[in-house]
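A look at the structure
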Amino acid sequence: MSSIDLKLVIWRQNNGDSLGDFETHVLRDISTDMSFLEMLDVLNEKLTKEGREPVAFDHDCREGICGMCGAVVNGIAHGPEKETTLCQLHMRKFNSGDTLVIEPFRSRAFPIKKDLMVDRSALDRIIQAGGFVSVNTGGAVDGNSIPIPTETAELAMDAAACIGCGACVASCPNGAAMLFTSAKISQLCLLPQGQPERKQRAAAMVAQMDKEGFGYCSNERECEAVCPKGISISNIARMNREYLKSTFFGR
Amino acid sequence: MELNPNVPSGPLADKWDTHRFACKLVNPANRRKFRIIVVGTGLAGASAAATLAELGYKVDAFCLHDSPRRAHSIAAQGGINAAKNYQNDGDSVFRLFYDTIKGGDFRAREANVYRLAQVSTNIIDQCVAQGVPFAREYGGSLANRSFGGAQVSRTFYARGQTGQQLLLGAYSALSRQIGKGGVTMYNRREMMDVVVVNGRARGIVVRNMINGAIETYAADAVLLCTGGYGNAYFLSTNAMASNVTAAWRACKRGAGFANPSFVQIHPTCIPVHGDYQSKLTLMSESLRNDGRVWVPKKQGDTRHPSQIPEDERDYYLENKYPSFGNLVPRDVASRNAKEQCDAGKGVGSTRLAVYLDFADAIKRDGEEVILRKYGNLFQMYEKITDSDPMKEPMMIYPAVHYTMGGLWVDYNLMTTIPGLFALGECNFSDHGANRLGASALMQGLADGYFIINTSVAHYFGSTALEKVDTGHEAFTKTAAEVSNRIDRMLKNSSGGPEGKVTVDEVHKQLGKLLWDNCGMARNKEGLEHALAQLPHLRQTFWERVYVPGAGRDINQSLERAGRVADFLEFAEFMIRDALAREESCGCHLREESQTDEHEALRDDTNYSHVSVWEYTGDDQPPALHKEPLQFENVTPTQRSYK
């Protein structure tokens, strides 16, 4: 097992109303088998031992699936490795002596709560506006009575794999949530279950995106580049078609 | 403590129907007059909140995450069982029931498990209707695979992200109700206590994790859907925030806690490496469909796996258990892995691992097929360990995964506190001593989508509930107790870190104590040692732990401190329960109780019961009550997978 020394330049901000600033820390003998968050744990234990406040950051499953963790590392959301959440980024991807600049996901629609924590509840409200199939519990027909070709199920699953981490928003120059929203719209518009509400769903979810203060896609493709689940921007193209259909042809 | 399981009479297959007919209903116009609190928004919580709001009840849902979609159910990989018999391979409701009862080592209640098997088929239909993209066959029908402990293919899956897709389905149903106003969602709130008025659960106290405010909420019923307590071991496959606080607080208010020593040890986890490690990552059990488990035949063989020829490998599961092979249940696989490592045949740098080899499957089916089946799991493994399972075998070792113990509930999922219900992993009811693969998702959704609605209606329909609001003295009193406890944790910190320990340091000590003495293999001596160590550890915590920051702010150290304080108290229940159960059962080998072949030996004469522990005071040992288990439809036999 090898270890490395690192310089961390890390964002500290007490709450949404206060001003933030960068703070520098040096960490020595970081095992390269550690995950990025375990490295932050080490930093926090050190700060605590020194009688200082640890860095607040969101995280939970540490398996790359809950979507709760995320920070910008040297300008890239979730760090330099492709299709990887911050919790699954390992320190072997860095070299001894590296300087890591660590910042929260920044976007108008994601207010900062503390240090690296941001409020991503705007994404929930987009789902609440229509990102579902309106079916009540208890009366569903047999699952096999809705046959779905493998290819369609797989395509829907490709989109459904989105973990809602918000990296797409943070990396977009326009602060757009279109990769996230289009993933849900795609999943449901590809499947037969999603057909009845297809048009109002697209219209309602896009309207909610606007209301939350997210921007629009200008084909920068930064979202796709940082997405830990490899969600394709072809979903955005599909969403745009869905949205156009809903505005031109109504419900 | 009175333990009436309220199991309906009559034949097993009719009990649920009989019960539903016997239960009172609430007329649709009256439902909106009832308020229900749901704590936790994983599979059980999100599905329950959505279902109850759909029926017209007013629901307040709470979660400690920034969004209900983050609940730990999302991390489940492999699949969900249902007795659909789509594969025509002889499955039936009774077979799923039988497999589950047997897999739980005959320590679960027959009626509950049968109901679970019955509603399992509805779960799949419900999720398909919601748009959950389950794997499909080319003809468009649902695909299945097999899982540990079963000889039929009844597991439905969505790649290796089944838990994620099921949770997102439940989350979307919940989101729909939030949008419509049926559910009021409270994010970033941690439940700190339950409020009991005249013997009934009437509300909760929560800490607002953003501003530290202690808030109280009143309702007519409270549902705890707060998952398991595996994080007591510090290292487990649970998400970091999973904790026992809500269940433990309920226990301190009078809810019995059942089988707290029943902890499932999952056989296929990525082994522990350094002492900085924060959690363990599980590799789906479905990998054992194609992966072959082996160790070198020779002790201390440090050669690279590719250098070990076929005849010097011991495929110990296939050899010992020819009919189930690599698909033996989790307890058997776990115990055998430990046995091999204890015998000096472990592999890897720590020697605490066994191989899970895909070479034969890749040769047979081709790389493409294997990657399609397990691609994301392989990627995950490679990211963590820097080794490619396509090229060399995975290394795995057992780890704490799921807790089968939980709040005691009757057939209605009600705890011993009237009006307080426990769903999913938070209750003890369906898994006996060893949860089988693909059955936790099933229970969470069964409880939330299909069972709790009947229970809640019956409770409201048959109970005269007085009007209670948060102005009631029980609320102010409980909230004050919560505040005092938080102040006490912070007061310890004044004066800076000189000689102080961190929360994690204490938690790691507790975890090691439990893993060494109350883990896969236990004995009287070890358990008594652990019990004797606990007061010392608690003292260290309360006297020396340093919690930086303030209470009126985001304070993640304080959040962890509160959870660890509760683990420290709760651990006593785990150890006492393990001590009292002098039989090997499910995942746990009680070393004093094994067969001549070193298989776990159950003792039905003395331990065919649910152990229910009652809290009797901070300085008192808990009281043990027993709910005898009756088996009318299956005969408990020595489990054999040979």
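Residues numbered from 1 in each chain as written. Chains lettered and ligands numbered in written order. Predicted model: local features only at pLDDT ≥ 70, side-chain atom pairs only at ≥ 80, totals over all residues. Heavy atoms only, no water.

1. Things to note about the sheet that holds strand β7 (residues 200-208) of chain B
Residues and elements named next belong to chain B. Put simply, the rule is: DSSP calls a pair of strands paired once it identifies at least 2 bridges connecting them. Runs of H or I in DSSP of at least four residues are treated as helices and runs of E of at least two as strands, each being numbered from the N terminus. Geometry is summarised by axes, namely lines fitted to C-alpha atoms with helices restricted to the contacting stretch, and by angles between N-to-C directions that run from 0 to 180 degrees. By the convention used here, residues are in contact when the closest approach between their heavy atoms is within 4.5 Å.
Overall, antiparallel pairing links the three strands, which are arranged β6-β7-β8 in an open sheet. A single partner strand is all that each edge strand has here, and the edge strands are β6 (189-197) and β8 (214-218). With direction set aside, neighbouring strand axes in the sheet form an average angle of 25°. Where helix α13 (residues 473-491) meets the sheet, its contacts fall on β6, β7 and β8, and the angle it forms with β6 comes to roughly 140°.

2. What about the pairing of strand β9 (residues 221-224) of chain B?
All names here are of chain B. Note the cut-off: Exposure classes here rest on a 1.4 Å probe applied to the protein chains alone. A residue is buried below 20% of its type maximum, exposed above 50%, and partly exposed in between.
Residues Ala221 and Leu223 line one face of β9 and the alternating positions Val222 and Leu224 line the opposite face, and both faces are buried. For strand β1 (residues 35-39) and β9, the ladder comprises four bridges, and the chain directions are parallel. Each bridged residue has a counterpart across the sheet, and for Val39 the counterpart in β9 is Leu224. Here three bridges tie β9 to strand β17 (residues 420-422), and the two strands are oriented parallel to one another. Looking at the pairing, Leu224 lines up with Ala422 of β17.

3. Examining the nonpolar core
The criterion, for reference: The term nonpolar core refers to a set of buried residues drawn from Ala, Val, Leu, Ile, Met, Phe, Trp, Tyr and Cys, joined through side-chain atoms within 4.5 Å.
Ranked by size, the top nonpolar core spans 237 residues in total, and within it Phe36(A), Met39(A) and Leu223(B) carry the most contacts. For this core, the leading source of residues is helix α16 (residues 556-580) of chain B, giving 13 residues. Not counting residues up to four positions away in its chain, the partners in contact with Phe36(A) are Val73(A), Leu86(A), Leu89(A), Met91(A), Phe94(A), Leu100(A) and Ile102(A). Judged by nonpolar contacts, the second largest core, of 31 residues, contains Ile270(B), Val295(B), Phe358(B) and Ile370(B).

4. Remarks on unusual backbone geometry
Excluding glycine, residues mostly have negative phi values, and the peptide bonds linking residues are mostly trans. Positioned with a positive phi, His78(A) is a non-glycine residue whose angle comes to about 65°. Relative to the assigned elements, His78(A) resides in the loop between β4 (76-77) and β5 (98-103).

5. Details of the pattern of salt bridges
It is possible for side chains of opposite charge to pair when their charged atoms get near one another. Just so we agree on the cut-off: Any carboxyl oxygen of Asp or Glu within 4 Å of a side-chain nitrogen of Lys or Arg constitutes a salt bridge here.
According to the stated counting rule, one finds 70 salt bridges over all chains in the structure shown. Here Glu103(A) and Arg106(A) are joined by a salt bridge, their closest N and O atoms 3.1 Å apart. A relative accessible area of 35% means that Arg106(A) is categorised as partly exposed. For Lys252(B), the salt bridge identified is with Asp618(B), shortest N-O distance 3.1 Å. On the criterion of sequence distance, the pair formed by Lys252(B) in helix α7 (residues 245-252) and Asp618(B) in the loop between β20 (609-614) and β21 (623-628) is long-range, its members being 366 residues apart. The network of salt bridges with common partners includes Asp105(B), Arg107(B), Arg581(B), Glu583(B), Arg602(B) and Asp604(B).

6. Section: the sheet that holds β9(B)
Residue and element names in this part refer to chain B. On the basis of which strands lie adjacent, the open sheet formed by five strands has the order β5-β2-β1-β9-β17 and parallel pairing. Strands with a single pairing partner mark the edges of an open sheet, and in this sheet they are β5 (183-186) and β17. If you compare each strand with its neighbour and ignore which way they point, the axes differ by 20° on average.

7. Here we look at the pairing of strand β12 (residues 292-296) of chain B
The side chains of a regular strand alternate between both faces of the sheet. All names here are of chain B. Among the five residues that make up β12, four are buried, leaving the element largely enclosed by the rest of the structure. Bridge count between β12 and strand β14 (residues 354-357): three bridges; the pairing is antiparallel. Pairing of Arg292 across the sheet is with Asp357, part of β14.

8. Some words on a nonpolar patch on the surface
Rules: Residues enter a patch when their relative accessible area is above 30% and they make no salt bridge; the linking distance is 9 Å between like charges and 5 Å between nonpolar side chains (Val, Leu, Ile, Met, Phe, Trp, Tyr). Surface accessibility in these figures is a Shrake-Rupley result with a 1.4 Å probe; residues are shielded only by whichever protein chains are displayed.
On the surface, Leu244(A), Phe248(A) and Phe249(A) cluster together to form a nonpolar patch covering roughly 380 Å² of accessible area. With respect to the helices, strands and loops of the structure, Leu244(A) is situated in helix α8 (residues 234-249).

9. Topic: the packing of helix α5 (residues 178-190) of chain A against helix α6 (residues 198-212) of chain A
Residue and element names in this part refer to chain A. For clarity, the cut-off: Each angle is binned into one of four classes, with values under 35 degrees roughly parallel, values over 145 roughly antiparallel, values of 65 to 115 roughly perpendicular, and all other values oblique. Three classes are used, and their members are as follows: Ala, Val, Leu, Ile, Met, Phe, Trp, Tyr, Cys and Pro are nonpolar, Asp, Glu, Lys and Arg are charged, and the others, Gly among them, are polar.
Direction vectors running N to C along α5 and α6 enclose 170°, while the axes themselves pass 11 Å from each other. Judged on the interaxial angle alone, α6 and α5 are roughly antiparallel. Residue-level inspection shows Met178, Thr181, Lys184, Ile185, Leu188 and Cys189 of α5 in contact with α6, the latter providing Arg198, Arg201, Ala202, Met205 and Met209. Per-class residue counts for the contact of α5 with α6 are seven nonpolar, one polar and three charged.

10. Observations regarding the interface of chain B and chain A
In plain terms, the rule: Using a 1.4 Å probe, buried area is obtained as the accessible area two parts lose upon being combined, added over both of them.
Taken residue by residue, the interface counts 77 residues in chain B and 80 residues in chain A. Buried surface at the junction of chain B and chain A, summed over both partners, amounts to about 6400 Å²; 50% is from carbon and sulfur atoms. Inspection of the chain B/chain A interface yields nine salt bridges. A salt bridge links Lys114(A) to Asp553(B); its shortest N-O distance comes to 3.5 Å.

11. Focus: the packing of helix α6 (residues 162-180) of chain B against helix α12 (residues 440-462) of chain B
Residue and element names in this part refer to chain B. Remark: α6 packs on α12, axes separated minimally by 11 Å, with the N-to-C direction vectors making an angle of 10°. It follows from the interaxial angle that α6 and α12 lie roughly parallel. Contacts between α6 and α12 involve Thr162, Gly163, Leu166, Gly169 and Ala170 on the former and, on the latter, Leu441, Leu445 and Tyr449. Residue composition of the contact of α6 with α12, by class: five nonpolar, three polar and no charged.

12. Things to note about helix α1 (residues 15-22) of chain B
Put simply, the rule reads: Note: the arc covers the axis-to-C-beta directions of the helix.
Where α1(B) is concerned, the buried positions are Lys15(B), Trp16(B) and His19(B). Considered in projection along α1(B), the buried side chains sweep an arc of 95° and stay on one side of the axis.

13. Concerning the UniProt feature "domain: FAD-dependent oxidoreductase 2 FAD-binding" (unreviewed entry) in chain B
Filter applied, for reference: UniProt positions are given in the numbering used here, feature names are shortened, and annotations may be inferred rather than shown by experiment.
Using the residue numbers shown here, the UniProt feature "domain: FAD-dependent oxidoreductase 2 FAD-binding" (unreviewed entry) corresponds to residues 36-441 of chain B. Structurally, residues 36-441 of chain B comprises 29% helix and 19% strand, and the distance from its first C-alpha atom to its last is 23 Å.

14. Remarks on the packing of aromatic side chains
All names here are of chain B. Worth spelling out the cut-off: For Phe, Tyr and Trp, rings pair up if their centres lie within 6.5 Å, where Trp contributes its six-membered ring, and each pair is then called stacked (planes under 30 degrees apart), edge-to-face (over 60) or tilted (otherwise). For a Lys NZ or an Arg CZ to count as sitting over a ring, it must be within 6 Å of the ring centre and within 35 degrees of the ring normal.
Inspection of the entire model under this criterion finds 31 aromatic pairs over all chains. On the numbers, 6.4 Å between centres and 35° between planes, the contact of Phe570 with Phe573 is tilted. Note that Phe570 and Phe573 are positioned in helix α16 at a spacing of three residues, about one turn of the helix. Of the two residues examined, Phe570 and Phe573, each falls in the buried class. Ring pairing ties together the aromatic residues Tyr229, Trp248, Phe257, Phe570, Phe573 and Tyr615, which thus form one cluster. Its guanidinium or amino end placed over the ring of Tyr315, Arg292 lies 3.9 Å from that ring's centre, counting from NZ or CZ. The ring of Trp542 has Arg488 sitting right over it, with the charged end atom 4.0 Å from the ring centre.

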